[in-house]
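Notes for the structure review
Spelled out, the chains give:
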Amino acid sequence: MEIYLRSSWFLGDMIKNIIFDWSGTLNDDFDSYVDIVNEVFRMMKYDKVMTKEEIKREFTIPYMTFWNKYFPDLTKEDQDEMFRKVVHLKRCELYPGVKEFLFELKEKGIKIFVVSSDLKSTLIPEATKYGVKDLFVEIFAHVYLKGPKIKEVVENYDLDPMETLYVGDTSGDIEAGREAGVKTMGVAWGIQCNEKLEASNPDYLFDTVFDIKKIL
């Protein structure tokens, strides 16, 4: 996939604030997420094993959009409880180049945040383990509806939406950023298949962290 820019503004000149998703965007936990999904399916006595390709094709946020495709009556509360029971299966590491990229953003004076649906009990220890927790102005975890939360961050920290970017790996992330009135960037290395991510029309779409660094 080639880098494409749908916006007329230049990222390096205009961006002063970046709000990141966590899983699939900064944190590479996809293999373990496949295991988690299939363990939840087993707990629900659903006779199916989801492949990586199927999850890439079907997953999006809000995450109940995904789960209710298979279990229409499953509530968010019940899904959250099952997820907590199997989250110990999670294995992860930062994507290549991410740590250095975050330090560069900090050095440039760009304010960086996290808005993620990940549990706080896993996200904060992961960010601490990687040595990046203190780079963020604030980390917001276990966020179900990201659009309103991103907008809240923009308002509470007096950020200019035109100078603010939300970065995520799913079409739902792009829709959330657009709902909040900020610029959007899709990263093609995450959970969702590239076709769906591209179809959501982010302002930017990149294949690697190193591509982003080139224009910053």
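This text gives an overview of the structure that appears in the document.

About the criteria used
Residues numbered from 1 in each chain as written. Predicted model: local features only at pLDDT ≥ 70, side-chain atom pairs only at ≥ 80, totals over all residues. Heavy atoms only, no water. Core = buried A, V, L, I, M, F, W, Y, C linked by side-chain atoms within 4.5 Å. Buried < 20%, exposed > 50% of the residue type's maximum accessible area, 1.4 Å probe, protein only. Helix = DSSP H or I, 4+ residues; strand = E, 2+ residues; numbered from the N terminus. Contact = heavy atoms within 4.5 Å. Phe/Tyr/Trp six-rings, centres within 6.5 Å; stacked < 30°, edge-to-face > 60°. Lys NZ or Arg CZ within 6 Å of the ring centre and 35° of its normal. Pairing = 2+ DSSP bridges.

Description of the nonpolar core
Residues Ile18, Phe20, Trp22, Leu102, Ile112, Val132 and Phe136 are the most contacted members of the largest nonpolar core, which totals 31 residues. When contributions to this core are tallied by element, the ones reaching two or more residues are strand E2 (17-20), helix H6 (98-107), strand E5 (111-115), helix H7 (120-130), strand E7 (164-168), strand E8 (183-187), strand E9 (204-206) and helix H11 (209-215). Looking at this core element by element, the count peaks at four residues for H6. When near neighbours in sequence (up to four residues on either side) are disregarded, phenylalanine 20 contacts Thr25, Leu26, Phe101, Leu102, Leu105, Ile112, Phe113, Val114, Val115, Phe136, Tyr166 and Val167. With 24 residues, the next largest nonpolar core counts Met50, Ile55, Phe66 and Val87 among its residues.

A word on the packing of aromatic side chains
Under the definition given, this model contains 16 aromatic pairs. One aromatic cluster is present, built from ring pairs that chain together Tyr33, Phe41, Tyr46, Phe59, Phe66, Trp67, Tyr70 and Phe71. Above the face of the phenylalanine 30 ring, lysine 56 is positioned so that its terminal group lies 5.0 Å from the ring centre. The positively charged end of lysine 76 is found above the aromatic ring belonging to tyrosine 144, 5.3 Å away from the centroid.

Some words on the pairing of E2
Burial along E2 is two-sided: the face carrying Asn17 and Ile19 and the face carrying Ile18 and Phe20 are both buried. Pairing geometry for E2 and E7, over four bridges, is parallel. Residue pairing in the sheet places phenylalanine 20 in a bridge with valine 167 of E7.

These values are about where atoms sit, not about what they do.
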